[in-house]
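What follows is each chain in one-letter form.
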Amino acid sequence: MRVLVIGGSGHVGSLVLPALAERHEVRVLDPRPPAGDHDHVVGTATDPVALERAMRGVDVVLHAALAPRGDGGPACVAREFDVNVTSVHLALLAAHQAGIGHAVHISSLSVYQEVTDRGLDESVPADATDLYGLTKRLAEQVCEAAVAQWGMSVTVLRLAWPTPDEQWPAWALPGREPVVHRAADGTPIPGVAAGDLSRAVLAALEHRHGFDVLHITGDTSGRHWNPAKARDHLGWQALRR
């Protein structure tokens, strides 16, 4: 397939591009060049002209664009809503207009409050009220609306701390010290390793089931997040131990 990765030069995009390129033709829409030799359309995720150009000849869209965290001031709020919410609508609209019937959206378990302190599965309503969690919640509603309005299928992957394989089980972002997250009782909760994440994304690109939300985590204990739906719908489970 020909896959457009929106935000392919960012953290999640960079983690999954190598595996995607082994299986599919990859195009990246991003202001920055991606790592590796990939077809690159220079542009932002909120630019309708760049989106229309990037969609040409594409079979499926992976939306992985994410606004950088800021100080919470007005400019930061506007940027997070633009990239985390508006760009999702613009991307799905451009995909629909280009005749592309399927998309995968990268979301986060941050759509929940107190994400490490309670058992969660996909049936629990998202309830985050902080800026990041709220924008990710709204983006999922945009995906659901696209399915209802345009008859697309959109698979939403809620990630928990995606991290390079070599840094697992810690969560490592570029330029920051790796962090090991822990539950309230001190139990470490691993991030989702790049290899496991890539397998989930590859499966989601093939998964055409209306609007479907799946938790993708590196925690195999089942104490925090129930992995059953991802296993049943995608045939996926975290293998990193």
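About the criteria used
- Residues numbered from 1 in each chain as written.
- Predicted model: local features only at pLDDT ≥ 70, side-chain atom pairs only at ≥ 80, totals over all residues.
- Heavy atoms only, no water.
- Core = buried A, V, L, I, M, F, W, Y, C linked by side-chain atoms within 4.5 Å.
- Buried < 20%, exposed > 50% of the residue type's maximum accessible area, 1.4 Å probe, protein only.
- Helix = DSSP H or I, 4+ residues; strand = E, 2+ residues; numbered from the N terminus.
- Contact = heavy atoms within 4.5 Å.
- Salt bridge = Lys/Arg side-chain N within 4 Å of Asp/Glu carboxyl O.

Visitor: Describe the nonpolar core, with residues and values.
Guide: Among the nonpolar cores identified, the biggest contains 31 residues, and Leu4, Ile6, Leu29, Leu51, Met55, Val61 and Leu92 are the most heavily contacted of them. Those elements that place two or more of their residues in this core are strand S1 (2-6), helix H2 (48-55), helix H3 (74-97), helix H4 (131-150) and strand S6 (153-159). Counting residues per element, this core draws most heavily on H3, at seven residues. Residue contacts for Val61: discarding those within four places in its chain leaves Leu4, Ile6, Met55, Ala95, Ile100, His102, Ala103 and Val104. Counting residues in hydrophobic clusters, the runner-up holds 30 residues, among them Leu20, Val26, Val104 and Ala194.

Visitor: Mind laying out the side chain of Glu80, listing which residues take part and the relevant values?
Guide: With respect to the secondary-structure elements, Glu80 resides in helix H3. A relative accessible area of 3% places Glu80 in the buried class. In contact with Glu80, not counting residues within four places along its chain, are Ala67, Pro68, Arg69, Gly70, Val85, Leu131, Tyr132 and Thr135.

Visitor: Just give me the short version of the pattern of salt bridges, but keep the residues and values in it.
Guide: Counted by the stated rule, this structure contains nine salt bridges. Salt-bridge contacts for Asp39 lead to Arg27; the nearest nitrogen and oxygen are separated by 2.8 Å. With Asp39 in strand S3 (residues 39-42) and Arg27 in strand S2 (residues 25-30), this pair connects stretches of sequence that are 12 residues apart. The shortest N-O distance in the salt bridge between Arg231 and Asp232 comes to 3.6 Å. A residue is classified by how much of its surface remains accessible, and Asp232, at 54% relative accessible area, is exposed.

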